[in-house]
Amino acid sequence: MKRAITLIAVHCTATVEGRPFTVESIRSMHKAQGWSDIGYHWLIGINGEVWAGRPEAVQGSHIKGHNRDSIGICYVGGIGRDGKAKDTRTPAQLAALKTLLEMKRAENPAAKIRGHRDMSPDADGDGKVEPHEWLKMCPCFDVVSWCKAQGIDPL
Ligand SMILES: [Zn+2]
């Protein structure tokens, strides 16, 4: 049975900018921690390569409490050379992410597009997930405003 997708979640690998990783290297890392496969459904390399990770028909392992109904997309990077969280997306990654999200938007019209950090618990219960509530910085940029700027409706 096809999974009903309600969330398209964007991640970063939390690796230092400029360091290349392939889908096989990330897959090996995730399997080494005991997972059946790479946790993400799609991976975008630093040169804009778009690799299929775990098949979309299979639940991923990328966002606690939201894996069942989501697709996980990850770009390689997210950490600056100073070790701090940073939007390290290269021009090729920006273009690849835009194209991939446009495709996933069309395939999943009811799904929200969010960053991993946007799915953190709303600790103070004011109806918004604010920066002080982020459990992680991932994916190190504001997915909702970036999507809107690209003409992609994040819902
Ligand atoms: Zn993440």
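Residues numbered from 1 in each chain as written. Predicted model: local features only at pLDDT ≥ 70, side-chain atom pairs only at ≥ 80, totals over all residues. Heavy atoms only, no water.

An unreviewed UniProt entry annotates the protein chain as N-acetylmuramoyl-L-alanine amidase of Sphingomonas lacunae. The annotation that UniProt attaches to the protein chain under Sequence similarities (unreviewed entry) is "Belongs to the N-acetylmuramoyl-L-alanine amidase 2 family." (UniProt positions renumbered as here; feature names shortened; annotations may be inferred.)

Participant: What is the right way to read the nonpolar core from this model?
Facilitator: A general tendency of soluble globular proteins is for nonpolar side chains to be buried together. Formed by 22 residues in total, the largest nonpolar core has its most connected members in Ile73, Leu101 and Ile113. For this core, the element with the most residues is helix H2 (residues 91–107), which contributes four residues. Among residues more than four places away in sequence, those in contact with Leu101 are Ile8, Val10, Ile73, Ile113, Trp146, Cys147 and Ile152. Among the nonpolar cores identified, the runner-up in size contains nine residues, and Phe21, Val23, Ile46 and Cys74 belong to it. (Core = buried A, V, L, I, M, F, W, Y, C linked by side-chain atoms within 4.5 Å. Buried < 20%, exposed > 50% of the residue type's maximum accessible area, 1.4 Å probe, protein only. Helix = DSSP H or I, 4+ residues; strand = E, 2+ residues; numbered from the N terminus. Contact = heavy atoms within 4.5 Å.)

Participant: Just to check I follow, could you spell out unusual backbone geometry for this structure?
Facilitator: Backbone phi values are negative for most residues with the exception of glycine, while trans is the configuration of most peptide bonds. Each neighbour pair has its own omega, and for Cys138 with Pro139 the value is 10°, a cis peptide bond. Among the secondary structure elements, Pro139 is positioned in the loop between strand S7 (112–115) and helix H3 (143–149). One non-glycine residue, Cys140, lies in the positive phi region at around 70°. Relative to the elements of secondary structure, Cys140 occurs in the loop between S7 and H3. Notably, Leu155 is not glycine yet its phi reads approximately 65°, a positive angle. Inspection of the secondary structure assignment puts Leu155 in the segment after H3.

Participant: What am I meant to see in helix H1 (residues 23–32) here?
Facilitator: Among the residues of H1, those classed as buried are Val23, Ile26, Arg27 and His30. Buried residues of H1, viewed axially, fall in a sector of 105°; they line one side. Those residues of H1 hidden inside the fold are in contact with strand S3 (42–44) and strand S4 (50–52). Within two residues after H1, Gly34 carries a phi angle of roughly 95°, on the positive side. (Arc of directions from axis to C-beta.)

Participant: Is there a simple way to explain the coordination of the zinc ion in this structure?
Facilitator: Ideal coordination angles are 109.5 degrees for a metal with four donors arranged tetrahedrally and 90 or 180 degrees for a metal with six donors arranged octahedrally. Distances from the zinc ion to its protein donors, His11 (ND1), His116 (ND1) and Cys138 (SG), fall at 2.0 to 2.3 Å. Sequence spacing of the donors to the zinc ion: H-x104-H-x21-C. With His11 in strand S1 (residues 7–12) and Cys138 in the loop between S7 and H3, this residue pair connects regions lying 127 residues apart in the sequence. In this structure His11 comes out as buried when scored by relative accessible area, which is 2%. (Donors = N, O, S within 2.8 Å, 3.2 Å for Na, K, Ca; no water.)

Participant: Is there a simple way to explain the sheet that holds strand S5 (residues 70–75) in this structure?
Facilitator: Taken together, five strands build an open sheet; the order of strands is S4-S3-S5-S1-S7 and the sheet is mixed. The open sheet has two free edges, formed respectively by S4 and S7, since each of these has just one partner strand. Pairs of neighbouring strands in the sheet enclose a mean axial angle of 20°, with direction left out of account. Direction of pairing for S1 relative to S7: parallel, over a ladder of four bridges. By the bridge assignment for S7, Ile8 is matched with Ile113. (Pairing = 2+ DSSP bridges. Axes fitted to C-alpha atoms, helices over the stretch in contact; angles between N-to-C directions.)

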